[in-house]
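Single-letter residue listing:
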Amino acid sequence: MFYEKELKDFNRQGIRYIIVGGIAFNLLGGFRATADLDILIDLTEDNLSKLVRLLLKHKYKLMQPVNPLDILDKKKKMGLIKLKNMKTLSFLKDNSLNAVDIIFDSPVDFAKAIKSVIKLKVDRMILPVVGIQELMNMKKAAWRPIDQADFAELKVLKKLRK
């Protein structure tokens, strides 16, 4: 699985995260090509700091010229959203296509998403994946063509799970 080492370390380090986006879509039963790992995290200084250190250890580099801890300060976070149109902190791994996006401006925040988490066993890992309805809410807010296709498929998956 893509990101196996990173996800194992997230779990080992006790990082509070939830998989969202295309990988969540695939883990919930959808099928589409995706390369990046989108995550929501509990936005505390300790959790974010641990995650950033871990990504740096795995040879990821922050793509935006900002201090990642700025998203913890409401005023600075709003400045990033409004002035720079940022919604994620994007980390790209050296010499690969692997990217981890920490989503900090989402219609579904961590506190709400954690209530819908589905814990999926993949290989020997337990992965926290956002619930179908919350992922649908995120897809509806983004509403790019790929999100529209994902949304339609998620509606079918939701009915099948009932």
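Read on for a plain summary of the structure. The structure displayed is predicted, hence computed values, not measured ones. (Residues numbered from 1 in each chain as written. Predicted model: local features only at pLDDT ≥ 70, side-chain atom pairs only at ≥ 80, totals over all residues. Heavy atoms only, no water.)

Before going further, it helps to examine helix α6 (residues 132-142). Of the positions making up α6, those classed as buried are Ile132, Glu134, Leu135, Met136, Met138 and Lys139. Immediately beyond the C-terminal end of α6, within one or two residues, lies tryptophan 143, with a positive phi of roughly 50°. (Buried < 20%, exposed > 50% of the residue type's maximum accessible area, 1.4 Å probe, protein only. Helix = DSSP H or I, 4+ residues; strand = E, 2+ residues; numbered from the N terminus.)

This part is about the pattern of salt bridges. Tallied over the entire structure, the rule returns 13 salt bridges. Here lysine 57 and aspartate 9 are joined by a salt bridge, their closest N and O atoms 3.5 Å apart. With lysine 57 in helix α3 (residues 45-57) and aspartate 9 in helix α1 (residues 4-13), this residue pair connects regions lying 48 residues apart in the sequence. Using a relative accessible area of 57% as the deciding quantity, one classes lysine 57 as exposed. What makes aspartate 9 buried here is its relative accessible area of 8%. The residue lysine 61 makes a salt bridge to aspartate 94 at a minimum N-O spacing of 3.5 Å. Of this pair, lysine 61 sits in strand β3 (residues 60-62) while aspartate 94 sits in the loop between β4 (88-93) and β5 (99-103), and the two are 33 residues apart along the sequence. Residue classification places aspartate 94 among the partly exposed positions, given a relative accessible area of 33%. Residues joined by salt bridges that share partners form a network here, namely Arg32, Lys139, Arg144, Asp147 and Asp150. (Salt bridge = Lys/Arg side-chain N within 4 Å of Asp/Glu carboxyl O.)

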